[in-house]
Amino acid sequence: PYPAPNLLLPANGAAFTLANDVVTLQWASVGTLRENEAYQVIVEDVTSGTQRITDFVTDTKYIVPTSFRPNDNLAHLIQWWVTTARQNGVDEQGQPVWVSAGTASEKRGFTWVGVAVQGTQNP
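Small disclaimer: the values here were computed from a predicted structure and weren't measured.

Enquirer: Looking at this structure, I do not really get the packing of aromatic side chains. What am I missing?
Expert: Centre-to-centre distance and the angle between the planes together describe a pair of aromatic rings. The full count for this structure, using the stated rule, is four aromatic pairs. Summarising the aromatic geometry, the rings of F56 and W98 are spaced 4.4 Å apart at their centres and angled 10° between planes, so their arrangement reads as stacked. A residue pair is termed long-range when its members are at least 10 positions apart, and F56 in strand β5 (residues 52-57) and W98 in strand β8 (residues 96-100) qualify at 42 residues. Note on W98: relative accessible area 27%, which makes it partly exposed. Measuring from ring centre to ring centre gives 6.4 Å for F110 and W112, while their planes differ by 55°; the resulting arrangement is tilted. With respect to burial, F110 and W112 carry one shared label: buried. It is K107 that lies over the ring of W81; its NZ or CZ is 4.2 Å from the centre.

Enquirer: Explain the sheet that holds strand β1 (residues 7-9) here, please?
Expert: If you trace the three strands from one edge of the open sheet to the other, you get β1-β3-β6, paired in antiparallel fashion. The open sheet terminates on both sides in strands that have one partner only, identified here as β1 and β6 (61-64). Averaged over neighbouring strand pairs, the angle between their axes works out to 30° when direction is ignored.

Enquirer: What is the right way to read the nonpolar core from this model?
Expert: Nonpolar side chains in soluble globular proteins tend to end up buried together. Formed by 22 residues in total, the largest nonpolar core has its most connected members in L25, W27, V41, V43, Y62, W80 and F110. Where this core is concerned, the elements lending two or more residues are β3 (23-27), β4 (37-45), β5, β6, β7 (75-90) and β9 (108-113). Apart from residues no more than four positions distant in its own chain, W80 is found in contact with L7, L9, P10, L25, Q26, W27, I42, V43, E106, K107, R108 and F110.

Enquirer: Looking at this structure, I do not really get the pattern of salt bridges. What am I missing?
Expert: A side chain of one charge can pair with a side chain of the opposite charge when the charged atoms of the two come close. One pass over the structure, following the stated rule, counts four salt bridges. A salt bridge links E37 to R86, with the shortest nitrogen-to-oxygen separation between them at 2.7 Å. In this pair, E37 is assigned in strand β4 and R86 in strand β7, connecting sequence segments 49 residues apart. One salt bridge in this structure joins E106 and R108, with 3.6 Å as the shortest N-O distance.

Reading the values: the criteria
- Residues numbered from 1 in each chain as written.
- Predicted model: local features only at pLDDT ≥ 70, side-chain atom pairs only at ≥ 80, totals over all residues.
- Heavy atoms only, no water.
- Phe/Tyr/Trp six-rings, centres within 6.5 Å; stacked < 30°, edge-to-face > 60°.
- Helix = DSSP H or I, 4+ residues; strand = E, 2+ residues; numbered from the N terminus.
- Buried < 20%, exposed > 50% of the residue type's maximum accessible area, 1.4 Å probe, protein only.
- Lys NZ or Arg CZ within 6 Å of the ring centre and 35° of its normal.
- Pairing = 2+ DSSP bridges.
- Axes fitted to C-alpha atoms, helices over the stretch in contact; angles between N-to-C directions.
- Core = buried A, V, L, I, M, F, W, Y, C linked by side-chain atoms within 4.5 Å.
- Contact = heavy atoms within 4.5 Å.
- Salt bridge = Lys/Arg side-chain N within 4 Å of Asp/Glu carboxyl O.

Just distances and angles here, no functional claims.
Given below as structure tokens:
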């Protein structure tokens, strides 16, 4: 099994605002992955408790989709972590079946505000 990936960016506790259309997660390589292996990236919105992404990439970075950005003016805590995974066949619908191939990284968090705070109009 592979060791836990070392998370690089963003720094734990970083803050992103509406001005940040893109949040890129980066980690150090655990070595050369085989053809059927990938990094499993998990991103969850702890504040809403309803949004979660699980994706598989072969690069050591992941761009969080803008559709994941919160749609209110609260600072949402977004938590993320990475592990290695190995494809172990496909399911009945032809989708890849992934199994763990290593240790999960530590969890990191950042905040993201999704919309601008509305100011009051002057009379």
